[in-house]
Amino acid sequence: MTSAAQQTEATNERDERSGKAIVSDTGVIATFGEDPVAGVSAMADDSRTSAKVLARATRAWKDRALHAMADRIERKQEIVLAANAKDLERGRVNGVSEALLDRLKLDAGRVSALADSLRELAALPDPVGGVVRGRTLPNGLRMRQVRVPLGVVGAIYEARPNVTVDIAGIALKSGNAVLLRGGSAAEESNRALVGVIRDALADVKLPVDLVQSVDEYGREGANALMGARGKVDVLIPRGGHGLIQSVVQNAKVPVIETGEGNVHLFVDATAPKQMTVDVVVNAKTHRTSTCNTTETLLLHSGFEHGAAVLSALDRAGVILHVDERAEQLLPPGSDRHVRATEEDWGTEYLSMDLAVKVVDDLDEALAHIDRWSTRHTEAIVTNDLAHAERFVAEIDAAAVMVNASTRFTDGQQLGLGAEVGISTQKMHARGPMGLEELTTTKWIVQGDGHVRP
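Residues numbered from 1 in each chain as written. Predicted model: local features only at pLDDT ≥ 70, side-chain atom pairs only at ≥ 80, totals over all residues. Heavy atoms only, no water.

**Student:** Just give me the short version of the pairing of strand β3 (residues 131–136), but keep the residues and values in it.
**Tutor:** Sheet topology places β3 next to strand β4 (residues 142–149); 5 bridges connect them, and they run antiparallel. Bridging from a neighbouring strand, R133 pairs with Q145 of β4. Linking β3 back to β4 in an antiparallel pair, the connection comprises 5 residues, with G140 at a positive phi of about 95°. (Pairing = 2+ DSSP bridges. Helix = DSSP H or I, 4+ residues; strand = E, 2+ residues; numbered from the N terminus.)

Here it is as structure tokens:
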């Protein structure tokens, strides 16, 4: 096993010069050379070497590391929050939107939740080595398809320091090394968290280079990460439309696409009044800056309680972007509404704004969703079983909710532990990406001197 001191020495030798560095309590540091492409390439090599060490680690060893990460994050909370405060202040000065500031913000409760998510991961089964299928063939060959780590996982994300912890934890449990690009908005927060995480790995005698950040290279580091085909096995972007499309269109590394959430909620004619009010208000207002927040409400023209739903949203402070028919349902004297335009149907607001349209039947609702959906999450509230079944069958999305808030499209809420993102593609992984989604499979065939006739 390579010691922490040996790893530090190797890192310094690798770079030839001491540039900016992540410094940790144990003296484990990461330094960065001048050339982003060469630097990221060398970091990827270190990730690969570290992942081979992790491949020999037992579940108990990995779980000790997760608990060590959780404990250190809590013990170093003041350092993490101080770093986060610098990011928030810089963001306000630079005019960052309230939605992004909310994603960026850490407080005592959110830090505690990060630690808890790591402990929850430790309690979950280890996916590595799990048998997907297996049997003995007629010729006596014994074959198994088993889960194995992806290898070196790159992640590019923005203004989300929680993702630094989530991805590091999920990657560790699933046997992967990670290269992180967390963006300039969360630069101080991510640097502090990466330092804490690397210290925790050193505490349990695992390679610290299982978790590395390319943030010190800035955008050039992100570009180098996207171009590191053969060095990085898969790249996961997490952020807004612009970031995701930039990665998808420019990366040479295979990409698991996570998507923006233009999420719809359809209220059928048979939907119960109070259930509808509760679900709609929660789906819109629980936390507006997340990709699983409802952005468009479709009301069946036969639903008798539309005015009550819009009144509840108005009281909650939601700005309603209404079509002509929905406008007739607004509470008297409401001044928090505007007339919807075509652009509203395609907007992911990430704010206290909601587009509202009245539709005549399920067919019209399905057609509208098909036209504007980003294939993330779609929901129906109904008491009609046939309508629920048809909605589930015809909706093309990673998650479909029936009589439940769209906010449940979340790895932790669905019992997967933390997540690295919500995949909206149809290859390999779809929906919340937890432990199993960061594995692939390997075929193992055992014989007794078999030769093919």
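Additional details are given in the paragraphs that follow.
**Student:** I'd like to hear about the layout of surface pockets, residue by residue, with values.
**Tutor:** Quantified by volume, the largest pocket comes out at close to 900 Å³. Considering the residues around the largest pocket, the lining is formed by 36 residues, among which N162, R238, R287, T290 and D410 are closest to the centre. Those elements giving two or more residues to the lining of the largest pocket turn out to be α6 (108–123) and α7 (161–173). If you tally residues by element for the lining of the largest pocket, the top one is α6, at 4 residues. Tallied by class, residues from the lining of the largest pocket come to 9 nonpolar, 15 polar and 12 charged. Considering only enclosed or pocket space, the second largest pocket measures out at about 410 Å³ in volume. As for the second largest pocket, its lining consists of 17 residues, and the residues nearest its centre are I156, E158, R181, R219 and L243. Looking at the lining of the second largest pocket, the elements that each hand over two or more residues are β5 (152–157), α9 (218–226) and α10 (241–250). Per-element tally for the lining of the second largest pocket: the top contributor is α9, with 4 residues. (1 Å grid on protein atoms, 1.4 Å probe; cavity = no way out; pocket = protein on both sides within 12 Å on 5 of 7 lines; lining within 4 Å. Points joined across faces, edges and corners; volume = space filled by probe spheres on them. Nonpolar A, V, L, I, M, F, W, Y, C, P; charged D, E, K, R; others polar.)

**Student:** Run through empty space enclosed by the protein, naming residues and quoting values.
**Tutor:** One pass over the full model with this rule turns up 2 cavities of 30 Å³ or more. Estimated volume of the second largest cavity: approximately 30 Å³. In terms of lining residues, the second largest cavity is bounded by A168, A171, L172, N176, A177, V178, L210 and V211. Among the secondary structure elements, those contributing two or more residues to the lining of the second largest cavity are α7 and β6 (177–181). At 3 residues, α7 tops the list of elements feeding residues into the lining of the second largest cavity. Taken together, the residues of the lining of the second largest cavity break down into 7 nonpolar, 1 polar and no charged.

**Student:** So what about the nonpolar core? Which residues, and what values?
**Tutor:** Of all hydrophobic cores here, the largest spans 52 residues; its most connected members are M69, L118, L121, L172, L180, L201 and L206. Looking at this core, the elements with two or more residues in it are α2 (36–54), α3 (59–75), α6, β5, α7, β6, α8 (187–203) and β8 (234–238). Excluding anything up to four places from it in sequence, L121 contacts L66, G169, I170, K173, L416, G417, A418 and L435. (Core = buried A, V, L, I, M, F, W, Y, C linked by side-chain atoms within 4.5 Å. Buried < 20%, exposed > 50% of the residue type's maximum accessible area, 1.4 Å probe, protein only. Contact = heavy atoms within 4.5 Å.)

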